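Take a look at the letters that make up each chain.
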Amino acid sequence: MKAACVRRTGAPDVIQIEDVPSPQAGPGQIVIDVEAASVNPIDTYVRSGVIAAELPDPYFPGCDAAGTVAALGDGVKDFNVGDRVWCTNQGLVGRQGTFAQQIAVDAQWCYPTPDSVTSDEIASVALVGITAHLGLFREAHLEPGETVLVIGGSGGVGSMVVQMAKIAGATVITTAGSDEKAQRAADYGADVVINYQKQSITEAVMQAAPAGVNVMWETRREPDFDAAVGMLAERGRMVLMAGRDARPEFPVGPFYVKECSLHGFVMFKGTPLELRKAADQINQWMDDGRLKANIGATFPLQQAADAHRLQEEATLHGKGNLTGKIVVKV
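Now for a quick tour of the structure. Remember, it's a predicted structure, so these values are computed and weren't measured experimentally.

This part is about the sheet that holds strand β9 (residues 171-176). In spatial order, the strands read β10-β9-β8-β11-β12-β13; together these six strands make up an open sheet with parallel pairing. A single partner strand is all that each edge strand has here, and the edge strands are β10 (192-195) and β13 (261-264). Neighbour to neighbour, the strand axes of the sheet diverge by 15° on average, direction disregarded. In terms of strand pairing, β9 meets β10 through four bridges, oriented parallel. Note that in β10 the partner of T175 across the bridge is I194. Packed on one face of the sheet, helix α2 (residues 119-139) meets β11 (213-218), β12 (232-240) and β13 and runs near 150° to β11. Sitting on the sheet, helix α4 (residues 179-187) is in contact with β9 and β10, with an inclination near 165° to β10.

See below:
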């Protein structure tokens, strides 16, 4: 089979398309004929070596995939050959990735794909959707009627947070860096969109929510905690999902006097049960049309290096006009 292979960490060009043996389904695994995969920022960190990890040789990048079941390993009872499925949480903590024509995946990380949803759509939603779900509901315990501030509501995770918060009955305020991105965030249901090139985020938030926001979802690499605590309501919850190397100042006094809480998490440390609960709800919401994919670019497998290059430029360098997820067609 064809696969995008990494044999040493480095720049995107280390990804090479190679012929490699097709995988076999081990106990508890399924083999998937992959139709679509997607690119996440963490994929570029692993491929580049920014995150030190023990990798298979060769290593296929990618956390997410969607396709059909080609084979079942011993003990698998929840799937049949020919079922449409999707998976996430691959390519991490020693697991093989998804940029290949076939992959062998532990069945506990796999979920059925609704008939009404394409493989491109569900692959693009997989990691970012589960991340948004865990952050809003497992961590922040979002309740109907609360107000949520999403920093970066047109991006991969941000667009999921906007939509899920609206589904949960929240008022959503979000930010965007251009009129085009602001319109996209509004299309996903945001009640208030702040173009931070033209407006002060803090001033606009306090005008829209004078008592503060109940949940703030922070996606920037260097959070401004002074501004954040000022925008939080009493018992506000702040969710962090970026800034691995950040060491910003933190206003301890104002934070604890407001009885706020801070939630840092990574989805790949979630349990199989936690991820399945999120996946089941994502399937339901996508099937009934309430949760929509946010695909910003599509590449064939042969251009996997280009897909990584585009993601890296957007994530690390703030270049380009990428809005949403990158899908790789296998």
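Structure shown, so let's carry the discussion forward.
As a further point, take the environment of G10. Locating G10 in the fold gives a position in the loop between β1 (2-5) and β2 (16-19). Overall, G10 belongs to the buried group, its relative accessible area being 18%. In the structure, G10 is positioned 40 residues away from V50 in sequence and 8.9 Å away in space, judged by C-alpha atoms. The contacts of G10, once residues within four sequence positions are left out, are R47 and S48.

Rules of the game
- Residues numbered from 1 in each chain as written.
- Predicted model: local features only at pLDDT ≥ 70, side-chain atom pairs only at ≥ 80, totals over all residues.
- Heavy atoms only, no water.
- Pairing = 2+ DSSP bridges.
- Helix = DSSP H or I, 4+ residues; strand = E, 2+ residues; numbered from the N terminus.
- Axes fitted to C-alpha atoms, helices over the stretch in contact; angles between N-to-C directions.
- Contact = heavy atoms within 4.5 Å.
- Buried < 20%, exposed > 50% of the residue type's maximum accessible area, 1.4 Å probe, protein only.

The quantities given are spatial measurements derived from coordinates; they are silent on function.
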